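Single-letter residue listing:
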Amino acid sequence: MAAVRARFAHVATCPFEGERIFFENAGGALTLNSVVETSARYAAIPDNQGRANAASRALMATIERARADMALFLNAPGGRIFVGESGTELLFRMIRDACLGAAPGGVVLGSTVEHPASRSAAARWAEVTGREHVWVRHDDATGRVTPEAYAAVVTPEVRVATILHTSPVTGMAMDVAGIARAIRAVAPGALIVVDGIQHACHGGIDIAACDVDGYAISPYKLFSRHGFGLAWASDRLTALGHDALVGGPDGTWELGTRDTGAYATLSDVVAHFDWLGSQVSDAAEPRARIEAAADAIHAHERALTDAMLRGTDNLPGLASMPGVHVVGGADNPAREGLVSFWADGRPAADIVDALNAAGIRTHLRKADHYSGNILEPLGQAGCVRVSLAHYNTLEEVRAFLAAMRSIL
């Protein structure tokens, strides 16, 4: 754990407030020190891509290496890996192109658990293309939507479908492969786009096993930095018409020159997973080490969330604190490093403020356009979100529980 924490910037201190515990990873994970160094190094390079000089060739090689590294991380066969403005922007672009390029008629299928990034894009482009936007209802009690729920709604008329991998409000992961199978069993030609933004930092992405057409992440939630998003698009989705320069190379998704340093930081992220996998396994192949790292991350985060919910060292957990209600239920095997809750008689905003005063960074989720789809059916105006990553410790969970006991 000491070696893991040493790889990240500001792991124990805020540059503005001093010592603090960082349980706000779903809002943006900590940044790898290597990413900070790489960003500074590439920001200083004056040369541009696509020129006839050694510096330019080195920049192009960096981009190709990053694409290969991310293909390995995602286990993505074929298709195109590209960067854009943000994960949200890339979801909008892929969903737009899927709706415009799909066979005429039919419907667009999504679910009520989704983040507004995919929900809004699907709603807009369903309307523009004259299609009905059909919703699969998520289960309020578990905070997730299942393949069976999709199977009950999908019809041969589905042209485009969206899937959320992990919810940033409930913290629950969806069975993407199972949902994709349920869709393709009835609508084999549907174009399927996945929002993987919240899931990515927990590892365990296997596009080859999912049979989807698009997958988007936000690197600032994957130990990199703000200012760009990354997507993978299948060959089938890439072959459809999309915004591109006239006369430019076929299959190009990027518009204008992208930041080489942003690409380079993705190689740093993959190198971190590779290193972590080498520490927790004897795997010889890079992909196997990445998978071992994901397994270790899930196990560690599970131990932390179990302690947070069930208690540790004579400190009661959230599940046994009077008046506390856990979104998605305390016993939920789909949970990924995140616990959201509310407490009777105490506004969630007050709890977040009190935790901040105790040096513990969490976040208020409100029943607004971001989280209303989850909180309104539960009758709540807000909840406290406590989000973890693999550099968080049991000691930090103890401090959180002690603070919560005092606050409540």
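Here, every reference points to the structure presented above.
Keep in mind that what you see is a predicted model, and the values were worked out from it rather than measured. (Residues numbered from 1 in each chain as written. Predicted model: local features only at pLDDT ≥ 70, side-chain atom pairs only at ≥ 80, totals over all residues. Heavy atoms only, no water.)

So, about the packing of aromatic side chains. The way to describe two aromatic rings as a pair is by their centre distance and the angle between their planes. Within this structure, the stated rule accounts for 8 aromatic pairs. Taking 6.1 Å as the distance between ring centres and 70° as the angle between the ring planes, the aromatic pair formed by Phe223 and Tyr391 counts as edge-to-face. On the criterion of sequence distance, the pair formed by Phe223 in the loop between strand 9 (214–217) and strand 10 (229–233) and Tyr391 in the loop between strand 17 (382–387) and helix 13 (394–407) is long-range, its members being 168 residues apart. Using a relative accessible area of 1% as the deciding quantity, one classes Phe223 as buried. (Phe/Tyr/Trp six-rings, centres within 6.5 Å; stacked < 30°, edge-to-face > 60°. Helix = DSSP H or I, 4+ residues; strand = E, 2+ residues; numbered from the N terminus. Buried < 20%, exposed > 50% of the residue type's maximum accessible area, 1.4 Å probe, protein only.)

This part covers the sheet that holds strand 10. The strand order 4-10-9-8-7-5-6 describes an open sheet built from 7 strands, whose pairing is mixed. Because the sheet does not close on itself, it has two edges, and the strands there are strand 4 (80–84) and strand 6 (132–136). On average, each strand axis in the sheet is inclined to that of its neighbour by 20°, with strand direction left out of account. (Pairing = 2+ DSSP bridges. Axes fitted to C-alpha atoms, helices over the stretch in contact; angles between N-to-C directions.)

Further remarks concern the sheet that holds strand 16 (residues 363–366). The strand order across the open sheet formed by 4 strands is 13-14-17-16, and the pairing between neighbours is antiparallel. Each edge of the open sheet carries a strand with a single partner, namely strand 13 (324–326) and strand 16. With strand direction ignored, the average angle separating the axes of adjacent strands in the sheet is 35°. Note that strand 14 (residues 338–343) and strand 17 share 4 bridges and pair antiparallel. Paired with Ser340 across the two strands is Arg385, which belongs to strand 17. Across the sheet, helix 10 (residues 286–310) lies against strand 13, strand 14 and strand 17, angled at about 15° from strand 14, the strand it touches most. (Contact = heavy atoms within 4.5 Å.)

As for its position among the elements, Ser234 is in the loop between strand 10 and helix 8 (235–238). Setting aside residues up to four positions removed in sequence, Ser234 forms contacts with Gly79, Val212 and Asp213.

Considering the arrangement of structural elements, one finds His115 in the loop between strand 5 (107–111) and helix 5 (116–128). By relative accessible area, His115 is classed as buried at 19%. At 2.9 Å, the side chain of His115 forms a polar contact with the backbone nitrogen of Ala117. In contact with His115, other than residues within four places in its own chain, are Leu164, Pro168, Asp195 and Tyr370. (Polar contact = N/O pair within 3.5 Å; in protein donor to acceptor, adjacent residues only side chain to side chain.)

What follows deals with the packing of helix 3 (residues 54–74) against helix 9 (residues 260–280). Between helix 3 and helix 9, whose axes approach to 8 Å, the crossing angle comes to 40°. With respect to helix 9, the element helix 3 is oriented oblique. The way helix 3 lies across helix 9 gives a crossing that is left-handed. Here helix 3 contributes Leu59, Thr62, Ile63, Arg65, Ala66, Arg67, Asp69, Met70 and Phe73 to the contact with helix 9, which in turn contributes Thr260, Tyr263, Ala264, Leu266, Ser267, Val270 and Phe273. In terms of residue class, the contact of helix 3 with helix 9 is made up of 10 nonpolar, 3 polar and 3 charged. (Parallel < 35°, antiparallel > 145°, perpendicular 65-115°, else oblique. Left-handed = near helix turned anticlockwise from the far one by under 90°. Nonpolar A, V, L, I, M, F, W, Y, C, P; charged D, E, K, R; others polar.)

Attention now moves to the pairing of strand 17. Burial analysis of strand 17 places 6 of its 6 residues in the buried class, which makes it a mostly covered element. Relative to strand 17, strand 16 is paired through 4 bridges, and the arrangement is antiparallel. By the bridge assignment, Arg365 is partnered in strand 17 with Cys383.

As a further point, take helix 5. Helix length check: helix 5 (13 residues) gives 17 Å between terminal C-alpha atoms against 18 Å at 1.5 Å per residue, within 8%. Along helix 5, the residues that are buried comprise Pro116, Ala117, Ser118, Arg119, Ala121, Ala122, Trp125 and Ala126. Elements that come into contact with the buried residues of helix 5 comprise helix 4 (87–101), strand 5, strand 6, strand 7 (158–164), strand 8 (191–195) and helix 12 (372–375). Trailing helix 5 by a residue or two, Gly130 shows a phi angle of about 75°, which is positive. (Expected span 1.5 Å × (residues − 1).)

The quantities given are spatial measurements derived from coordinates; they are silent on function.
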